[in-house]
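Descriptive structure summary
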Amino acid sequence: MIYEWIVVGGGIQGCTIAAFLMKNNKVSASQLLIIDPMKHRYTVGPRQQK
Amino acid sequence: MIEMKFLRSPSVHHLDVEPFSLRKYADDQNRKKSDFYGVYKRPSLELFNEHSQALFRNLNMKSCWHQGFVNGVDREDASWTISTVAGNRFKTKNVVLALSVNGQLNIPEWASNLEAHSHQLFHIYDEAADLTKMKPSIAVVGGGISAAHLVISPSSG
């Protein structure tokens, strides 16, 4: 498949742009991929190593 | 190295689209007034994190998540191919690089030379650094808001 959008980095900025794209109907969840070294989460603060 | 009970930015800065999303979330959750600080209504870290997690859940961002380390972005025909260290390849029409602050600390060359010869040089995002164990004199290179935030703690403690 070909994704519509891929966001490299799932930190604050990456998640903000992902939310923006989805909420403005630019992309559906199935056409969007967020790639990040960490397991998904969302909290601000020191990142935990996997 | 630096901690904060309340974020440094006003409540309109968060992950959601609508500026007052965080304020509305706090109202809906019957959060106390003490979850916001000062004139600019800076949110508590705890509230900010809960709001972020709620957004994450509502949009089911978990389903969009791939755990991996990107090591290549290549243009192929009319699309981009994103490669990861684990060998995954994903094709996409559009790419956003949202790398920002991450595990790869930007240490200038002059500093990395110093670092090799002592254990007295730290990056502000170095998780191994313990400010409470540092002894004066201490020099902070950089004069932005994080530098100011950093020096408050040893000077007041």
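Before reading on, note that the structure itself is shown above.
Residues numbered from 1 in each chain as written. Chains lettered and ligands numbered in written order. Predicted model: local features only at pLDDT ≥ 70, side-chain atom pairs only at ≥ 80, totals over all residues. Heavy atoms only, no water.

On to the pairing of strand β4 (residues 70-76) of chain B, then. Residue and element names in this part refer to chain B. Direction of pairing for β4 relative to strand β5 (residues 79-84): antiparallel, over a ladder of 6 bridges. Bridging from a neighbouring strand, Glu-76 pairs with Ser-79 of β5. Linking two consecutive strands that pair antiparallel, namely β4 and β5, is a turn of 2 residues; a positive phi of about 55 degrees is found at Asp-77 within it. (Pairing = 2+ DSSP bridges. Helix = DSSP H or I, 4+ residues; strand = E, 2+ residues; numbered from the N terminus.)

Before going further, it helps to spend a moment on the interface of chain A and chain B. Chain A puts 39 residues into the contact, and the matching count from chain B is 36 residues. With both chains or domains summed, chain A and chain B bury close to 3500 Å², and 68% of this area falls on carbon and sulfur atoms. Linking chain A with chain B are 2 salt bridges, by the criterion used here. Across the pair Lys23(A) and Asp16(B) runs a salt bridge, and its minimum N-O distance is 2.9 Å. For the pair chain A and chain B, the interface holds 18 residue pairs in polar contact (both at pLDDT 80 or more). Among the secondary structure elements, those contributing two or more residues to the side of chain A that touches chain B are β1 (2-8), α1 (12-23) and β2 (32-36) of chain A. When grouped by side-chain class, the residues that make up the side of chain A that touches chain B number 24 nonpolar, 8 polar and 7 charged. When β1(A) meets strand β6 (residues 89-97) of chain B, the two strands line up parallel, connected through 6 bridges. (Contact = heavy atoms within 4.5 Å. Buried area = accessible area lost by both parts, 1.4 Å probe. Salt bridge = Lys/Arg side-chain N within 4 Å of Asp/Glu carboxyl O. Polar contact = N/O pair within 3.5 Å; in protein donor to acceptor, adjacent residues only side chain to side chain. Nonpolar A, V, L, I, M, F, W, Y, C, P; charged D, E, K, R; others polar.)

Attention now goes to the environment of Gly68(B). Inspection of the secondary structure puts Gly68(B) in the loop between β3 (65-67) and β4. For Gly68(B), a relative accessible area of 12% gives the class buried. Put simply, Gly68(B) and Ala86(B) are 18 residues apart on the chain and 7.0 Å apart in space, counted from C-alpha to C-alpha. Setting aside its immediate chain neighbours within four residues, Gly68(B) contacts Ile35(A), Asp36(A) and Pro37(A). (Buried < 20%, exposed > 50% of the residue type's maximum accessible area, 1.4 Å probe, protein only.)

What follows covers the sheet that holds β2(A). Here we have 6 strands laid out as an open sheet, ordered β3(B)-β2(A)-β1(A)-β6(B)-β5(B)-β4(B), and mixed in their pairing. Strand pairing shows two members of the sheet lacking a second neighbour, β3 and β4 of chain B, which therefore form its edges. For this sheet, the mean angle separating the axes of adjacent strands, direction not counted, is 40 degrees. (Axes fitted to C-alpha atoms, helices over the stretch in contact; angles between N-to-C directions.)

Once that is clear, we can look at unusual backbone geometry. Note that the residue after Pro136(B), namely Ser137(B), is joined by a cis bond; omega there is 5 degrees. Position of Ser137(B) among the secondary structure elements: in the loop between α3 (109-117) and α4 (145-156). The backbone of Asn25(A) shows a phi angle near 55 degrees, a positive value even though the residue is not glycine. Tracing the chain through its elements places Asn25(A) in the loop between α1 and β2.

A word on α1(A). The end-to-end C-alpha distance of α1(A), which contains 12 residues, comes to 16 Å, matching closely the 16 Å that a straight helix rising 1.5 Å per residue would cover. Among all positions of α1(A), only Gly14(A), Cys15(A), Ala18(A), Ala19(A), Leu21(A) and Met22(A) are buried. Looking straight down α1(A), one finds that the buried residues subtend no more than 165 degrees of arc, so they occupy a single side. Each element contacted by the buried residues of α1(A) is listed here: β1 and β2 of chain A together with α2 (45-58) and β3 of chain B. Note on α1(A): the residue one or two positions beyond its end, Asn25(A), has a positive phi of about 55 degrees. (Expected span 1.5 Å × (residues − 1). Arc of directions from axis to C-beta.)

We now examine the nonpolar core. In this structure, Met22(A), Leu32(A), Ile34(A) and Met61(B) are the most contacted members of the largest nonpolar core, which totals 26 residues. When residues of this core are traced back to their parent elements, those giving at least two are α1 and β2 of chain A together with α1 (21-28) and α2 of chain B. In terms of nonpolar packing, the next biggest core, distinct from the first, is built from 8 residues, Tyr3(A), Ile6(A), Ile35(A) and Val70(B) among them. (Core = buried A, V, L, I, M, F, W, Y, C linked by side-chain atoms within 4.5 Å.)

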